[in-house]
Amino acid sequence: MKYSKYFLFLILALSFTSCFNSAKIQRDNKAFKLYMDSWLGAHISEVQLAENWGPPTSVYDDGKGGEIYSFRRSISDVYVRETWLGNYKLVDNSRTDFWEFYTNGYGIIIEYRYGSE
């Protein structure tokens with residue numbers, strides 16, 4: 001019984017943490033778009049240096065004289081959740097976030113795309 005109280009406290013604490021994190025992401029979405037917009041017109045090398053992202057995961061030819069620089073990051077988000085029957089199950093919300101910068105023939109960023117897979 002003593003351990004189940006601690007386990008329940010841990011579950012509740014993790015639940016509140018994940019709720020606050022998703023609210024923060026939604027709240028900051030507009031700020032993140034403004035941040036990404038700030039890279040339009042910059043050279044792709046500035047992004048790599050300023051963010052310490054290192055080399056892109058992949059670079060593609062866009063077929064129009066420019067290139068697409070793709071940066072990817074895998075995120076592991078695994079937690080325990082109580083079901084409505086009082087059982088516990090492991091929830092895996094792992095994902096891969098990506099940022100793609102489209103450049104013209106001079107390496108200037110003209111468009112971007114970001115999201116999760």
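Bear in mind the structure is a predicted one, so any value in this text is a computation, not a measurement.

Engineer: Looking at this structure, how should I read the packing of aromatic side chains?
Structural biologist: Two measures describe an aromatic ring pair: the distance that separates the ring centres and the angle between the ring planes. Under the counting rule described, the total for this entry stands at three aromatic pairs. Ring geometry for Tyr35 and Trp39: centres 6.3 Å apart, planes at 85°, overall edge-to-face. A relative accessible area of 10% means that Trp39 is categorised as buried.

Engineer: Sorry if this is basic, but what is going on with the sheet that holds strand S6 (residues 109-116) here?
Structural biologist: Strands belonging to one sheet form pairs held by backbone hydrogen bonds; the direction of such a pair is parallel or antiparallel. One open sheet holds the four strands; their spatial order is S1-S2-S5-S6, and the pairing between them is antiparallel. The open sheet has two free edges, formed respectively by strand S1 (58-61) and S6, since each of these has just one partner strand. Taking each pair of neighbouring strands and ignoring which way they run, the sheet shows an average axis angle of 20°. Two strands pair when backbone bridges link them, and strand S5 (residues 95-103) and S6 are joined in this way by seven bridges, in the antiparallel orientation. From the neighbouring strand, Phe101 faces S6, where its bridge partner is Tyr112.

Engineer: I tried to follow the pairing of strand S3 (residues 78-82) on my own but got confused; where do I start?
Structural biologist: Successive residues of a regular strand alternate their side chains across the two faces of the sheet. Both S3 and strand S4 (residues 88-92) contribute to a ladder of five bridges, which runs antiparallel. Paired with Val78 across the strands is Asp92, a residue of S4.

Engineer: Explanation requested: the environment of Leu90 in the structure shown.
Structural biologist: Tracing the backbone through its elements, the reader meets Leu90 in strand S4. The exposure class of Leu90 is exposed, given its relative accessible area of 62%. Through-space distance from the C-alpha of Leu90 to that of Tyr79 is 5.8 Å; in sequence the pair is eleven residues apart. In contact with Leu90, other than residues within four places in its own chain, are Val78, Tyr79 and Val80.

Engineer: How do you make sense of the side chain of Thr103 when you look at a structure like this?
Structural biologist: Relative to the helices and strands, Thr103 is located in strand S5. Not counting the four nearest positions on each side in its chain, Thr103 is found in contact with Ile44, Asp62, Gly66, Glu67, Tyr69, Ile108, Ile109 and Ile110.

Engineer: Can you walk me through the pattern of salt bridges in this structure?
Structural biologist: Scanning the entire structure with this criterion turns up five salt bridges. One salt bridge in this structure joins Asp37 and Lys33, with 3.3 Å as the shortest N-O distance. One end of the pair, Asp37, and the other, Lys33, are both in helix H1 (residues 2-37), four residues apart, so they sit about a helical turn from each other. The class of Asp37 is partly exposed, set by a relative accessible area of 28%. Between Arg72 and Glu100 there is a salt bridge, with the nearest N and O atoms lying 3.6 Å from each other. Taken together, the positions of Arg72 in strand S2 (residues 67-75) and Glu100 in strand S5 put the pair 28 residues apart, joining distant regions of the chain.

Engineer: Just checking my understanding: could you explain the nonpolar core for this structure?
Structural biologist: Note on soluble globular proteins: their nonpolar side chains tend to be buried together. In this structure, Met36, Trp39, Ala42, Ile44, Val47, Tyr69, Phe71, Trp99, Phe101, Ile109 and Tyr112 together form the largest nonpolar core, which totals eleven residues. Those elements that provide at least two residues to this core are helix H2 (44-51), S2, S5 and S6. Among all residues touching Ile44, those that are not within four sequence positions of it are Tyr69, Phe101, Thr103, Gly107 and Ile109.

Rules used in this analysis
Residues numbered from 1 in each chain as written. Predicted model: local features only at pLDDT ≥ 70, side-chain atom pairs only at ≥ 80, totals over all residues. Heavy atoms only, no water. Phe/Tyr/Trp six-rings, centres within 6.5 Å; stacked < 30°, edge-to-face > 60°. Buried < 20%, exposed > 50% of the residue type's maximum accessible area, 1.4 Å probe, protein only. Pairing = 2+ DSSP bridges. Helix = DSSP H or I, 4+ residues; strand = E, 2+ residues; numbered from the N terminus. Axes fitted to C-alpha atoms, helices over the stretch in contact; angles between N-to-C directions. Contact = heavy atoms within 4.5 Å. Salt bridge = Lys/Arg side-chain N within 4 Å of Asp/Glu carboxyl O. Core = buried A, V, L, I, M, F, W, Y, C linked by side-chain atoms within 4.5 Å.

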